[in-house]
Amino acid sequence: MSCFGGDPNFCPECGNVLPLPGMQDTVCCPRCSFSRPVTAFSGREIRSTVVFNLADKSSVLQESSEDSEMKGPVIDRRCTRCNKEGMIYHTRQMRSADEGQTVFFTCIHCRFQEKEDS
């Protein structure tokens, strides 16, 4: 007696999804040794449906480039242009994965941007 009974698309021994029938006489489970004759799938039809959800225009946020660069944590770093304390930073992986990230700083007073490779 099997613990996974019911749908012939699933292995009744281990519950794994069975592959689609091919040119062989049996369908074998890739996980265990169970096999089922192809005749068990005779007359079955496979259908699938894809539903695309339309995005609601009111829920989509559109940021201007000025607003997006002024978001982030503020740190105690002196701006090289206006000489005031307070810069926002964010990081990006600009080079290969085995190299450090690039840190971008934006002054909260004059919006001057500078970068630092680490």
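For the structure itself, consult the block above.
Summary of the structure given here. Nothing here was measured: the structure is a model prediction, and the numbers come from that model. Per chain, the residues get numbers from 1 upward, laid out in the order the sequence is written. Whole-chain, interface and lining totals are the exception, using all residues; otherwise, since this is a predicted model, local features are given only for residues with pLDDT of at least 70 and side-chain atom pairs are given and counted only at 80 or more. Values shown for side chains rest on all heavy atoms present in the structure; no hydrogens or waters enter the calculation.

1. Details of the overall build of the protein chain
This is how the line gets drawn: Helix numbering and strand numbering both begin at the N terminus, where a helix is a DSSP run of H or I of at least 4 residues and a strand a DSSP run of E of at least 2. Type-normalised accessible area, obtained with a 1.4 Å probe on protein chains alone, sets the label of each residue: buried when under 20%, exposed when over 50%, and partly exposed for intermediate values. Contact definition: two residues touch when any of their heavy atoms are within 4.5 Å.
The helix and strand inventory of the protein chain stands at one helix and six strands. Reading the protein chain from its N end, one meets helices and strands in the order β-β-α-β-β-β-β. Burial status across the protein chain gives 16% buried among its 118 residues. Taking the contacts inside the protein chain whose residues are at least 6 apart along the sequence as the reference set, 22% of them involve residues at least 24 apart.

2. Details of the nonpolar core
Put simply, the test is: Remark: nonpolar core denotes a set of buried residues (Ala, Val, Leu, Ile, Met, Phe, Trp, Tyr, Cys) joined through side-chain atoms within 4.5 Å.
In this structure, Cys11, Leu18, Val27, Cys29, Phe34 and Phe41 together form the largest nonpolar core, which totals six residues. The residues touching Leu18, leaving out its near neighbours within four places in the chain, are Pro8, Asn9, Phe10, Cys11, Val27, Cys28, Cys29, Arg36 and Phe41. In terms of nonpolar packing, the next biggest core, distinct from the first, is built from five residues, Met87, Val103, Phe105 and Cys107 among them.

3. Points about the pattern of salt bridges
Side chains that differ in charge, positive against negative, can pair when their charged atoms come close. Rules: A carboxyl oxygen of Asp or Glu within 4 Å of a side-chain nitrogen of Lys or Arg is what we treat as a salt bridge.
Counted under the stated rule, the structure contains four salt bridges. Put simply, Glu116 and Arg77 hold a salt bridge, and the shortest N to O gap is 3.3 Å. Taken together, the residues Glu116 in strand E6 (residues 113-117) and Arg77 in strand E3 (residues 74-78) connect sequence positions 39 residues apart. Between Arg78 and Glu85 there is a salt bridge whose closest N-O contact spans 3.2 Å. Within this structure, Arg77, Glu114 and Glu116 form a network of salt bridges that share partners.

4. Notes on the environment of Gln113
Within the fold, Gln113 resides in strand E6. Between the alpha carbons of Gln113 and Tyr89 there is a distance of 9.5 Å; along the sequence they are 24 residues apart.

5. Describing the pairing of E3
To keep things clear, this is the line we draw: Pairing between strands requires that DSSP locate at least two bridges from one strand to the other.
Note that E3 and strand E4 (residues 85-92) share three bridges and pair antiparallel. What sits directly across from Ile75, in E4, is Met87. Hairpin remark: E3 followed by E4, antiparallel, with six residues in the connecting loop; positive phi at Asn83, about 65°.

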